[in-house]
Amino acid sequence: MNRLVLPLIAAVLLASTGAVLAAGELTYVVNNESAKYDPGTTAETFAAPIIGNTFEGLVRLSPDGEVLPALAESWEISGDGLTYTFTLRDAKWSDGKPVKAADFVYAWKRVLDPASGAMNSQMLYYIVGAEEAFGGGDAKAIALSAPDDKTLTFTLKQRVPYMLQLLNYPTFYPVREDMVAADPEGWTRNPATYVGTGPFRVTEFNQGKSVVFEKNPNYYAADAVSLDKLTFRLIPDPATALAAMEAGDVDGIEAVPAPEIPRLSVESDAFMIVPALGTTYAFFNPAQPPLDNIHVRKALSMAIDRSEIIEFVLQSADTPALGLVPPGMSLGGEDFTAGRDNFGLSETADVEGAKAELAEAGYPDGEGFPATLFMTYSSPPIEKLLEATQQMWKKNLNIDVQIQASEWQVYYPEVQKVEYQIAQMGWGADYPHPMTFLDNFVTGSANNLNHWSNADYDAAIAAAKATGDEIESRDDMRKAEAILMNDHVILPQYHRYNYMMMSPKVTGFWRSPLNVPYFRDAKIAE
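Residues numbered from 1 in each chain as written. Predicted model: local features only at pLDDT ≥ 70, side-chain atom pairs only at ≥ 80, totals over all residues. Heavy atoms only, no water.

Enquirer: An account of the environment of L491 is needed here, citing residue identities and associated values.
Expert: As for its placement among the helices and strands, L491 is situated in strand β20 (residues 490-502). Ignoring anything within four residues of it in the chain, the contact list for L491 reads T280, Y281, A282, F284, L300, S301, I304, R306 and W393. (Helix = DSSP H or I, 4+ residues; strand = E, 2+ residues; numbered from the N terminus. Contact = heavy atoms within 4.5 Å.)

See below:
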């Protein structure tokens, strides 16, 4: 199948679909539900659709990646590239109270308090004093201040060329101290306390069913928002979601079943393939036998046929992954992945090489290989992926690996405890830069979900951050990725595309490569 990337705004609806959209109302299907929607503390992709439409930060991104003013109307960067000063516009929270610079100071310092449980605290470590504060130092020493209600300023330890793009990530969004303090655990599941700064505000949280929004009349650009009502309907099974789409019961779906991709790519201009800066992979736990043996880890990775999985199991336009960082991010005039080593892996299975590695580990022809469990979250496409992997390991290595699937809300907390042998996961970019993938594996990162630690890796990442030279930084990051991949602590599977549908009567909708669907500018044609 041609890897066709369709426009982000579809033009013609599938002929068999009789959808009739109510003026100003739109229903969009999501396949997963997050446990919480706290922009400061969560790292869950499944929370992104809700957060991305109810909150904004200092800046936002356009569909073509341009940094645009959001809650900040302007900013200045010092000549040395270290001090940023933002001037806020006259913006309001969704309950009508004014947004103040102090709201950002509170939100960012909350992220740097380990008690908050924030998953991306390291994103703020670029600020002077931030990392030390997270480690127990004085929060007053953080180079972050609000001289007045309209001015926010902070100073970095070194230049960060992608700082403005980074500020679009939810970790940098403001949150209201009074709402968080009143109900620290439940404020994001109650429409009365889920007060945001974005184009929509939540009116209903119907757990296991839907999230309902209305236009936020206090949004600074409310005149640009056309939708009066937006509903995210939860349908876990993509096949059921597609049936609802083709029956005209919903107006858009975030994913289509893999077997339907070939048909829809031919029959429907409502079908959309959206580039995604994401890599699907599994964690090997290097502290759990038999995964504590690098030869076992390498054998398992070499024994799978990634091309076969993509073409015949997933039936997608995804690309085989032989490394952590996906293509699509340019540094120093070339794609980060250009000329990358394959780390002993290949798109098809290297059966003989995998058998040799397993024998080196002490399990010739799989003899004596201990009981091993591959944990995953409940998702039909992912479960098919794991079943195919399981069969390849049996055929190519003569070993039996069991699969255990559970709902995300049960699965993810277990993975965070790092009490697994193999765990299915992956990462979608938080900002369009390789560091969003590489930072996760620094020692102590909250997203380092197999607790892998390597001093040389940490040093390479630190060097990449310290230099102001983009090419030097790129080369240090490439060195870091090679250290990680040559230790085979992850099983790379594929680099992702998103496959979805949206009624052609909807214009102005776009879904970012960071996997956030934006409805701010969505309009429904008469």
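Once the structure has been displayed, the description carries forward.
Enquirer: Describe the pattern of salt bridges, and please don't skip the residues or the numbers.
Expert: Once the charged atoms of two side chains with opposite charge are near each other, the side chains can pair. One pass over the structure, following the stated rule, counts 22 salt bridges. A salt bridge links R189 to E33, with the nearest nitrogen and oxygen atoms 3.7 Å apart. Note that R189 is positioned in the loop between α5 (177-182) and β8 (200-206) and E33 in the loop between β1 (25-30) and α1 (48-54), a separation of 156 residues in sequence. Overall, E33 belongs to the buried group, its relative accessible area being 14%. (Salt bridge = Lys/Arg side-chain N within 4 Å of Asp/Glu carboxyl O. Buried < 20%, exposed > 50% of the residue type's maximum accessible area, 1.4 Å probe, protein only.)

Enquirer: Explain the packing of aromatic side chains to me, and be specific about the residues and the numbers.
Expert: Here a ring pair, both rings aromatic, is described through the centre-centre distance and the interplanar angle of the planes. Overall, the coordinates contain 35 aromatic pairs when judged by the stated rule. Ring centres of Y84 and F154 lie 5.2 Å apart, and the angle between their planes is 5°; this geometry places the pair in the stacked category. On the criterion of sequence distance, the pair formed by Y84 in strand β5 (residues 83-88) and F154 in strand β7 (residues 151-155) is long-range, its members being 70 residues apart. Both residues of the pair, Y84 and F154, belong to the buried class. Both rings, one in F509 and one in F519, keep their centres 4.9 Å apart while their planes meet at 45°; by these two values the pair is tilted. Of this pair, F509 sits in the loop between β21 (506-507) and β22 (510-511) while F519 is found in the loop between β23 (517-518) and β24 (523-524), placing the two residues ten residues apart along the sequence. Across this residue pair, the class does not change: F509 and F519 are buried. An aromatic cluster of three or more residues is present, and its members are W75, Y84, F86, F104, W108, F154 and F172. Lying over the aromatic face of F205, R189 brings its terminal NZ or CZ to 5.5 Å of the ring centre. (Phe/Tyr/Trp six-rings, centres within 6.5 Å; stacked < 30°, edge-to-face > 60°. Lys NZ or Arg CZ within 6 Å of the ring centre and 35° of its normal.)

Enquirer: Tell me about the layout of surface pockets, and please be specific about residues and values.
Expert: Here the second largest pocket is characterised by a volume of approximately 410 Å³. Along the wall of the second largest pocket there are 21 residues; nearest its centre are Q122, Y125, E131, V442 and K465. For the lining of the second largest pocket, the secondary structure elements donating two or more residues are α3 (130-134) and α14 (455-466). Here the lining of the second largest pocket takes four residues from α14, the largest share from any one element. (1 Å grid on protein atoms, 1.4 Å probe; cavity = no way out; pocket = protein on both sides within 12 Å on 5 of 7 lines; lining within 4 Å. Points joined across faces, edges and corners; volume = space filled by probe spheres on them.)

Enquirer: Account for the packing of helix α8 (residues 294-302) against helix α10 (residues 351-360), naming residues and giving values.
Expert: With their axes 8 Å apart at the nearest point, α8 and α10 run at an angle of 160° to one another. The pairing of α8 with α10 is recorded here as roughly antiparallel in orientation. Both α8 and α10 take part in a crossing whose hand is left-handed. Facing α8, whose interface residues are H295, V296, K298, A299 and M302, α10 presents G353, A354, E357, L358 and E360. Along the lines of polarity and charge, the residues of the contact of α8 with α10 split into five nonpolar, two polar and three charged. (Axes fitted to C-alpha atoms, helices over the stretch in contact; angles between N-to-C directions. Parallel < 35°, antiparallel > 145°, perpendicular 65-115°, else oblique. Left-handed = near helix turned anticlockwise from the far one by under 90°. Nonpolar A, V, L, I, M, F, W, Y, C, P; charged D, E, K, R; others polar.)

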